[in-house]
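# Structure at a glance
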Amino acid sequence: MSLDTPPTGCLHTPVLRERGQREVFCGLTGIIWLHRKMQDAFFLVVGSRTCAHLLQSAAGVMIFAEPRFGTAILEEKDLAGLADAHVELEREVERLLSRRPDIRQLFLVGSCPSEVIKLDLSRTAERLNARHGPSVRVYNYSGSGIETTFTQGEDACLAAMVPGLAETQDENLLVVGALPDVVEDQCLSLLTRMGIRNVAFLPSRRASDAPKVGENTRFILTQPFLADTAHALERRGAQRIVAPFPFGEEGTTDWLRAVAKAQGVMLETFDAVTAAPRARARKAVAAHAETLRGKTLFMFPDSQLEIPLARFLARECGMLPVEVGTPYLHRGLMEPELALLPQTMLSEGQDVDLQLDRHAALKPDLTVCGLGLANPLEAAGHATKWAIELVFTPVHFYEQAGDLAGLFSRPLRRRALLRGAAE
Ligand code: SF4
């Protein structure tokens, strides 16, 4: 191989596709972080008691803080007469809107039961929009486990919003994916210091700041699971900026460089703005890389963040991925990441027993997995990292790179400490 051959990483690696028993969350869980981001939105799940319990347990203590989500529970009589279910649902919504006048966006979220009985939430949303628009916008999307896995709930939610965004002919940049406010502010500050104006975020914190979109819109994703949202924006004429995702120093730099290039920012300006935070990120990551270097990594499918995170852990922390699983692999979005990921085994979908057999044979030093697998694997002597924390914790961009590495080094450090204490 000549030295100037471009790296292809895992671009041509065959992917093991499995279909079988799965251990994943459904898309309803997205509501937990989406309702925190959209401060005047309410998420009304139309589902069963199972859905309500899922939300309660996933939200933990948040349920005591008058959260902006709830479940309209389908009763047996609703299943018998669909017409009544529509009337009942509209009545619930009216009651909710009169009690909570602060609500500006209402999401009717479909679940397995509502999908199975074919409850047409789009019709309800249309009728409610006619009655309450434009001061309240009513959307609908599905977060059911039959159709969506975990973070796909955010994708379905954002994709549902795109057709309703106002049209513009102005040039603007749209940053897509729900980021914690503090991270969004950091991102905006970096872009502004490069001289990029007219930046908007989807989702916005409030309905009144909703971005506009048109043929002169360029957009960039901050999360790898937003394939449907990307398609919806492209259908509105917007153009996607292709880049790796902003995890770690390298991912953030490549992401910002892609934006800078698309927006015609001079290289010197780009370097001047990024030099100091890059150095800070590298230093912060290095502190954790000591623990992570040379350790093998196995990732069960969960959030679609697995490939970008494995790339970060391998390239910036020196870990050795032995299997990287993802619930879905959208090649179109993932190519820049696959090109950077060192050769490893890739799997898409899941047959959990087969995957556990491979895991047992490989005996990785660190396993990233969902809550349902973490404790049993810990009990079997494996160090695990709960994947759910990766979507609840601020992990994007330079200032969070150290914390991101820390999420993975902590389980290994804790194990070493406990081992030391036992000796
Ligand atoms: S939407 Fe489906 S998978 Fe999710 S909690 Fe409800 S019944 Fe369970």
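Data block above holds the structure.
Here the residue numbering is sequential within each chain, running from 1 through the sequence in written order. Per-residue local features are limited, in this predicted model, to residues with pLDDT of at least 70; the limit for side-chain atom pairs, both in listing and counting, is 80 or more; totals at the level of whole chains, interfaces and linings are taken over all residues. Hydrogens are left out, water is left out, and the side-chain values use all remaining heavy atoms of the structure.

In an α-helix, one full turn covers 3.6 residues, which means residues spaced three or four apart are oriented alike. Taking 1.5 Å per residue, 13 residues should reach 18 Å; helix 8 (residues 181-193) reaches 18 Å between its end C-alpha atoms and fits that length. Burial classification: accessible surface area is computed with a 1.4 Å probe over protein chains only, and a residue below 20% of its type maximum counts as buried, one above 50% as exposed, and the rest as partly exposed. To qualify as a helix, a DSSP run of H or I must reach at least 4 residues; to qualify as a strand, a run of E must reach at least 2; elements of each kind are numbered from the N terminus. Of the residues making up helix 8, those classed as buried are Val183, Glu184, Cys187, Leu190 and Leu191. All buried residues of helix 8 project into a common sector of 125 degrees when viewed along the axis, lining one side. Should any heavy atoms of two residues lie within 4.5 Å, those residues are considered in contact. Buried residues along helix 8 sit against helix 1 (30-37), strand 6 (172-176), strand 7 (199-202), helix 10 (248-262) and helix 11 (267-292). Phi for glycine 195, located one or two positions after helix 8, is positive at around 90 degrees. Each residue after the first adds 1.5 Å to the expected span of a helix. Taken from the helix axis, the directions to the C-beta atoms give the arc we talk about.

With that settled, the discussion passes to the packing of aromatic side chains. In this scheme Phe, Tyr and Trp rings, the latter by its six-membered ring, pair at centre separations within 6.5 Å, and the angle between planes marks the pair as stacked below 30 degrees, edge-to-face above 60, and tilted otherwise. Evaluated as defined, the whole model comprises eight aromatic pairs. Judged by centre distance (6.2 Å) and plane angle (70 degrees), the ring pair of phenylalanine 107 and tyrosine 141 falls under edge-to-face. Highlighted residues: phenylalanine 107 in strand 4 (residues 105-110) and tyrosine 141 in strand 5 (residues 137-142), separated in sequence by 34 residues. For the residue pair phenylalanine 107 and tyrosine 141, the accessibility class agrees, reading buried in each case.

For any two helices packed against each other, one specifies the crossing angle of their axes together with the interaxial distance. Orientation is described by axes fitted as lines to C-alpha atoms, over the contacting stretch for helices, and by angles from 0 to 180 degrees between their N-to-C directions. Running from amino to carboxyl end, helix 10 crosses helix 12 (residues 306-317) at an angle of 115 degrees, the nearest separation of the two axes being 8 Å. Classified by the angle their axes make, helix 10 and helix 12 are roughly perpendicular. Along the contact surface, helix 10 presents Gly248, Glu249, Glu250 and Gly251, while helix 12 presents Arg311, Phe312, Arg315 and Glu316. In this count, Pro and Cys sit with the nonpolar residues alongside Ala, Val, Leu, Ile, Met, Phe, Trp and Tyr, while Asp, Glu, Lys and Arg are called charged and the others, Gly among them, polar. Looking at the contact of helix 10 with helix 12, its residues break down into one nonpolar, two polar and five charged. Angular relationships are summarised with four words: roughly parallel below 35 degrees, roughly antiparallel beyond 145, roughly perpendicular across 65 to 115, and oblique for the angles in between.

A maximum bend of about 40 degrees is found in helix 11 at threonine 274, where proline proline 277 lies one to four positions downstream. Taken together, the buried positions of helix 11 are Phe270, Val273, Thr274, Pro277, Ala281, Val285, His288, Ala289, Thr291 and Leu292. The seven residues ending at a residue and the seven starting there each receive a fitted axis; the angle between those axes is the bend at that residue.

Note: strands within a sheet are paired through backbone hydrogen bonds, in either parallel or antiparallel orientation. Criterion used throughout: strands pair if DSSP finds at least two bridges between them. A sheet is described by the order of its strands in space; here four strands give the open sequence 7-6-8-9, paired in parallel fashion. With partners counted over all chains shown, the strands left at the sheet margins are strand 7 and strand 9 (239-240), one partner each. As paired strands, strand 6 and strand 8 (residues 217-221) are joined by five bridges and run parallel to one another. Of the residues in strand 8, the one forming a bridge with valine 176 is leucine 221.

Let us look at the nonpolar core. To form a nonpolar core, buried Ala, Val, Leu, Ile, Met, Phe, Trp, Tyr and Cys residues must be joined to one another through side-chain atoms within 4.5 Å. Judged by nonpolar contacts, the single largest core of 104 residues is most densely connected at Phe43, Phe107 and Phe408. If we skip the residues at most four places from it in the chain, phenylalanine 43 touches Ile31, Leu34, His35, Met38, Arg68, Phe69, Gly70, Phe107, Val109, Tyr141 and Cys157. Within the second largest apolar cluster, 19 residues are counted, among which are Val46, Leu96, Ile103 and Ala125.

Moving on, we come to the packing of helix 7 (residues 152-161) against helix 9 (residues 227-235). Viewed as axis vectors pointing N to C, helix 7 and helix 9 meet at an angle of 15 degrees, and their least axial separation amounts to 7 Å. One element, helix 7, and the other, helix 9, form an angle in the roughly parallel class. Along this stretch, helix 7 crosses helix 9, giving a crossing that reads as left-handed. Contact residues: helix 7 offers Asp155, Leu158 and Ala159, while helix 9 offers Ala227, Asp228, Thr229 and Ala232. Among the residues forming the contact of helix 7 with helix 9, the class breakdown is four nonpolar, one polar and two charged. Handedness of a crossing is defined here by the sense of rotation of the near helix relative to the far one, left-handed for an anticlockwise turn of less than a right angle and right-handed for a clockwise turn.

The amide bond that connects glycine 133 to the next residue, proline 134, takes the cis arrangement and shows omega of -5 degrees. Along the chain, the position of proline 134 falls in the loop between helix 6 (121-132) and strand 5. Even without being glycine, lysine 118 reaches a positive phi, approximately 60 degrees. Note that lysine 118 resides in the loop between helix 5 (112-116) and helix 6. Of the residues examined, lysine 118 reaches a relative accessible area of 64% and is grouped as exposed. The backbone of lysine 363 shows a phi angle near 45 degrees, a positive value even though the residue is not glycine. Mapping lysine 363 onto the fold places it in the loop between helix 14 (352-362) and strand 13 (366-369).

This part covers the sheet that holds strand 2 (residues 41-47). A sheet is described by the order of its strands in space; here four strands give the open sequence 3-2-4-5, paired in parallel fashion. The outermost strands of the open sheet, each flanked by one partner alone, are strand 3 (69-73) and strand 5. Here the strands of the sheet are splayed against their neighbours by 25 degrees on average, with no regard to which way each runs. Alignment of strand 4 against strand 5, held across six bridges, turns out to be parallel. By the bridge assignment for strand 5, glutamine 105 is matched with arginine 137. Against the sheet, helix 6 contacts strand 2, strand 4 and strand 5, and its axis sits at roughly 175 degrees relative to strand 5. Most of the contacts of helix 7 go to strand 5, to which it runs at about 140 degrees, and overall it touches strand 2, strand 4 and strand 5.

Quick look at the pattern of salt bridges now. We define a salt bridge as a contact between a side-chain nitrogen of Lys or Arg and a carboxyl oxygen of Asp or Glu at a distance within 4 Å. Evaluated as defined, the whole model comprises 25 salt bridges. Between aspartate 102 and arginine 100 there is a salt bridge whose closest N-O contact spans 3.8 Å. Between glutamate 389 and lysine 385 there is a salt bridge, with its nearest N and O atoms 2.5 Å apart. The exposure class assigned to glutamate 389 is partly exposed, which follows from its relative accessible area of 27%.

Relative to the helices and strands, tryptophan 33 is located in helix 1. On the basis of relative accessible area, tryptophan 33 is assigned to the buried category, the value being 8%. Taking the C-alpha atoms as reference points, tryptophan 33 and phenylalanine 392, 359 residues apart in sequence, are found 6.8 Å from one another. In this structure, tryptophan 33 is in contact with Phe150, Thr151, Glu154, Ala178, Val391 and Phe392, ignoring residues within four places of it in sequence.

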